[in-house]
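Inside the fold
One letter stands for each residue in the lines below.
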Amino acid sequence: MAIELQQVSYIYSDRSLWKQTALHNIDLSIPQGSIVGIAGATGSGKSTLLQLFNGILKPTEGTVKVLDVTLQAGEKSPKLLALRRRVGLVFQFPEQQMFEETVEKDLCFGPLNFGMSLEEAKERARKAMVDMGLDLSLLERNPFRLSGGQMRKAAIASVLAMDPEIVVLDEPTATLDPVSRAELISLLERLCREQGRTIIIVTHRMDELLPIADRWIVLKEGQAAFQGSTQELASDPSILERCGIAIPQSLRYWRAVADRFRLEGEVPRLTPKALAEFIASLSSDISHPEIEKRDNHE
Amino acid sequence: MIETNRLQNLEASEQPAVITLSGVSFGYDPKQPIFQDISLTIAQGQWVSLVGANGCGKSTLVKLLNALLPKSDGEIVVCGLQLNEENIGSIRQNIGMVFQNPDNQFIGATVEEDILFGLEGLCLEPIEMGHRLQVYTDKLGIAHLLDKHPGELSGGQKQRVAIASILAMEPGIVIFDEASSMLDEGSRNELLDILQRMRAEGKYTILMITHDADEILASDRVLALYGGGLAADMTPAELFSNDDLLDKCNLRMPFSWQLARELQKVGINTDVPASEKELIEKLWP
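Residues numbered from 1 in each chain as written. Chains lettered and ligands numbered in written order. Predicted model: local features only at pLDDT ≥ 70, side-chain atom pairs only at ≥ 80, totals over all residues. Heavy atoms only, no water.

1. Observations regarding the overall build of chain B
- The number of helices and strands found in chain B is 12 helices and 10 strands.
- On C-alpha atoms alone, chain B measures out to a radius of gyration of 20 Å, which is about the 19 Å that the 2.2 N^0.38 rule sets for 285 residues.
- On the principal axes, the C-alpha backbone points of chain B span a range of 65 × 50 × 35 Å.
- Burial analysis of chain B (285 residues in total) assigns 53% to the buried set.
- Contacts in chain B between residues far apart in sequence, at least 24 positions, make up 63% of those at least 6 positions apart.
- Only carbon and sulfur atoms are counted for the fraction: they give 49% of the accessible area of chain B, which is about 12400 Å².
- Computed over 22 positive and 41 negative side-chain charges, the inter-centroid distance for chain B is 4 Å. (Helix = DSSP H or I, 4+ residues; strand = E, 2+ residues; numbered from the N terminus. Rg over C-alpha atoms; globule rule 2.2 N^0.38 Å. Buried < 20%, exposed > 50% of the residue type's maximum accessible area, 1.4 Å probe, protein only. Contact = heavy atoms within 4.5 Å. Areas by Shrake-Rupley, 256 points an atom, 1.4 Å probe, with all protein chains shown as cover. Lys, Arg positive; Asp, Glu negative; His and termini not counted. Charge placed at Lys NZ, Arg CZ, Asp CG, Glu CD.)

Structure below.
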């Protein structure tokens, strides 16, 4: 397992009058080399959960195991510097993550900080830029002169430059245009499938992640209301509504077709292309008045 | 769909123009213009989507309208006023802007304070301020949140507060700069609802920067920016039928349109379904 949580609770301002429970008794496991989506309404504890993954927050109760490091509530934590390089966190607002005067300096900051030579760091920076589909000419630019979308890609590149084993992203595609969103999702898919990295993504746009995600974690009021494979989620998406999340279109259309033919245990078709081909295969099995009628007209 | 949109365009074109750009150019650095020689007219009451790939200059263009950024060249007329030093104040009163991240737009310690801040800036009588506070918080369904701190609100609620504080200042033009991009699907639908009610009222000219297919589809007209110029001025339905343009603007069709397209490829000719229920009824009556 890349990450394992056992009976984890997190309470903000514990032992004060203003204590507030953000996570409550969470058990979860994230297998190495998988793509995991995390969904949940605002205030359900998503961001708190992410910060447990590289030791920014330490559990108030329970045990967090990340790679070979164990964080136990109430015990002194081990050295976390190495872990922070191996677990890259991309926050929701890229502008809060960039601070240097050029994009190149910003991208080199992490690698240099973790002890790489300047030359190595620059090489990493260039590779991360190319991976993110950013033009190398932007390296000389002031990061605050980039557009919102470019800044977001640059922020993700600055995390990739550290070559992390686990990449955790909070709403990485918000503010990107649809093609850049699809590119980013397929880049993240490659980082996982080809390089074996574990990818964890918090998202409001489940539609774009559903076709590639292996597993989902759905949070509700600080508890894990659902944890399982995409197929399990697709077999009963109503759990999402109970957690205050609108059911994404791809799941709605898939359910409509699957329910119409009482399909159980079928692998869900969650892209328009896969669904259309599946409908065609169903249609060829049964009589199809609509198709015949249309064909006669033309 | 195309027909009704055309009709609305036709009606709108009889309305007076509220925004006119002639030969407008801009660049942070004169040697690297972001766009050049843009001319366009937007009529009162229209709901216009401004689309284009990341970094093409959409946000920059709308910031020229109220001189948050200085244009390099050309002329801008807003509500009959030439944009210049003298008129900036009156023009800014006519334009309200709602940004991506409502957190950046909060000033007050409570929702009430936040909405009143803008009204105080307009030097209104206390009675009028109270009246507007009531009208606009009712309208956006946030009257019960008046004494809340922004931190206690959900993303969707915050965005509604941001919209209420802008609408309370009663601008004729409201600009939404990717106002839904941080919202979850439920809150996005709420925002779309608010926009539709604003259009029905007819008082507002709406200029909306967006990548969201459903939002574009709901608007009257699309302006597409590409390569430093205006690449298209058309209806949403025309945009989504134009693969080349979708490509240039890094846009994708709505899910239901993509599905209809893919079904056609495998020999099933069906119209774009309005819902999954309609699709099933059409395919297998």
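So much for the structure itself; the text now carries on.
2. Overview of the interface of chain A and chain B
- The interface is formed by 44 residues belonging to chain A together with 43 residues belonging to chain B.
- Each partner contributes to the roughly 4000 Å² buried at the junction of chain A and chain B, and carbon and sulfur atoms together form 61% of this total.
- Viewed at the interface, chain B and chain A are joined by one salt bridge.
- B:E276 is paired through a salt bridge with A:R252; the nearest N and O atoms lie 3.2 Å apart.
- Where chain A packs against chain B, one counts four residue pairs in polar contact (both at pLDDT 80 or more).
- Ranked by residue count, the leading element in the side of chain A that touches chain B is helix α11 (residues 272-285) of chain A, at nine residues. (Buried area = accessible area lost by both parts, 1.4 Å probe. Salt bridge = Lys/Arg side-chain N within 4 Å of Asp/Glu carboxyl O. Polar contact = N/O pair within 3.5 Å; in protein donor to acceptor, adjacent residues only side chain to side chain.)

3. Some points on the sheet that holds strand β2 (residues 20-30) of chain A
All names here are of chain A.
- Strand order in the open sheet formed by four strands is β2-β1-β4-β5, and the pairing between neighbours is antiparallel. At either end of the open sheet lies a strand with only one pairing partner, and these are β2 and β5 (69-72). Pairwise comparison of adjacent strand axes, ignoring direction, gives a mean angle of 20° for this sheet. (Pairing = 2+ DSSP bridges. Axes fitted to C-alpha atoms, helices over the stretch in contact; angles between N-to-C directions.)

4. Considering the packing of helix α10 (residues 249-260) of chain A against helix α11 (residues 255-265) of chain B
- Their axes nearest at 10 Å, the elements α10(A) and α11(B) cross at an angle of 50°. Comparing the axis directions of α10(A) and α11(B) gives the class oblique. As for the relative orientation of α10(A) and α11(B), their crossing is right-handed in sense. Touching A:Q249, A:S250 and A:Y253 of α10(A) are B:F255, B:S256 and B:L259, all from α11(B).
- Considered class by class, the residues forming the contact of α10(A) with α11(B) number three nonpolar, three polar and no charged. (Parallel < 35°, antiparallel > 145°, perpendicular 65-115°, else oblique. Left-handed = near helix turned anticlockwise from the far one by under 90°. Nonpolar A, V, L, I, M, F, W, Y, C, P; charged D, E, K, R; others polar.)

5. So, the packing of helix α6 (residues 155-167) of chain B against helix α7 (residues 185-201) of chain B
Residue and element names in this part refer to chain B.
- It is at 9 Å that the axes of α6 and α7 come closest, and there the two elements cross at 20°. What the angle tells us is that α6 and α7 run roughly parallel. In terms of crossing hand, the pair formed by α6 and α7 is right-handed. The residues of α7 that touch α6, namely those facing G156, R160, I163 and L167, are S187, E190, L191, I194 and M198.

6. Structural notes on the nonpolar core
- If you look at the biggest cluster of nonpolar residues, it comprises 71 residues, and the most contacted ones within it are A:I199, A:W216 and A:I279.
- It is helix α5 (residues 148-160) of chain A that contributes the most residues to this core, seven residues altogether.
- With residues up to four places along the chain from it excluded, the contact list for A:W216 reads A:G37, A:I38, A:A39, A:T203, A:M206, A:L209, A:L210, A:F226, A:Q227, A:G228, A:T230 and A:L233.
- One finds B:M129, B:Y136, B:L153 and B:I166 within the second-largest nonpolar core, a separate group that totals 33 residues. (Core = buried A, V, L, I, M, F, W, Y, C linked by side-chain atoms within 4.5 Å.)

7. Topic: the state of the cysteines
- Following the criterion strictly, the structure yields zero disulfides over all chains and no others.
- Counting only cysteine sulfurs, B:C79 is the nearest neighbor of B:C123, a cysteine outside any disulfide, at a range of 20 Å. (Disulfide = S-S within 2.5 Å.)

8. Focus on helix α12 (residues 276-283) of chain B
- Within α12(B) the residues assigned to the buried category are B:E276, B:L279, B:I280 and B:L283. All buried residues of α12(B) project into a common sector of 95° when viewed along the axis, lining one side. (Arc of directions from axis to C-beta.)

9. Quick word on the packing of aromatic side chains
- Applying the stated criterion across every chain yields a total of eight aromatic pairs over all chains.
- Seen in terms of ring centroids, B:F26 and B:Y28 are 5.2 Å apart; in terms of plane orientation they differ by 80°. Their pairing is edge-to-face.
- What makes B:Y28 partly exposed here is its relative accessible area of 43%.
- Ring centres of B:F26 and B:F35 lie 6.4 Å apart, and the angle between their planes is 40°; on these two criteria the pair is classed as tilted. Accessibility assignment for this pair places B:F26 and B:F35 in one class, buried.
- Over the aromatic face of A:F261 sits the side chain of A:R260, whose NZ or CZ is 5.1 Å from the ring centroid. (Phe/Tyr/Trp six-rings, centres within 6.5 Å; stacked < 30°, edge-to-face > 60°. Lys NZ or Arg CZ within 6 Å of the ring centre and 35° of its normal.)

10. A closer look at the pairing of strand β6 (residues 87-90) of chain A
Residue and element names in this part refer to chain A.
- Side chains of β6 alternate between two faces, with V87 and L89 and G88 and V90 buried alike.
- Direction of pairing for β6 relative to strand β7 (residues 166-170): parallel, over a ladder of four bridges. Paired with L89 across the strands is V168, a residue of β7.

11. Section: the sheet that holds β6(A)
All names here are of chain A.
- Strand order in the open sheet made by the six strands is β6-β7-β8-β3-β9-β10, with mixed pairing throughout. The sheet is open, and its two edges are formed by β6 and β10 (223-229), each paired on a single side. Adjacent strand axes in the sheet meet at a mean angle of 15° when their direction is disregarded.
- Two elements, strand β9 (residues 215-220) and β10, share six bridges in a ladder whose sense is antiparallel. Looking across to β10, one finds that K220 is bridged to Q223.
- Sitting on the sheet, α5 is in contact with β6 and β7, with an inclination near 165° to β6.
- Sitting on the sheet, helix α6 (residues 178-193) touches β3 (35-40), β7 and β8 (198-202), and the angle it makes with β8 is about 150°.

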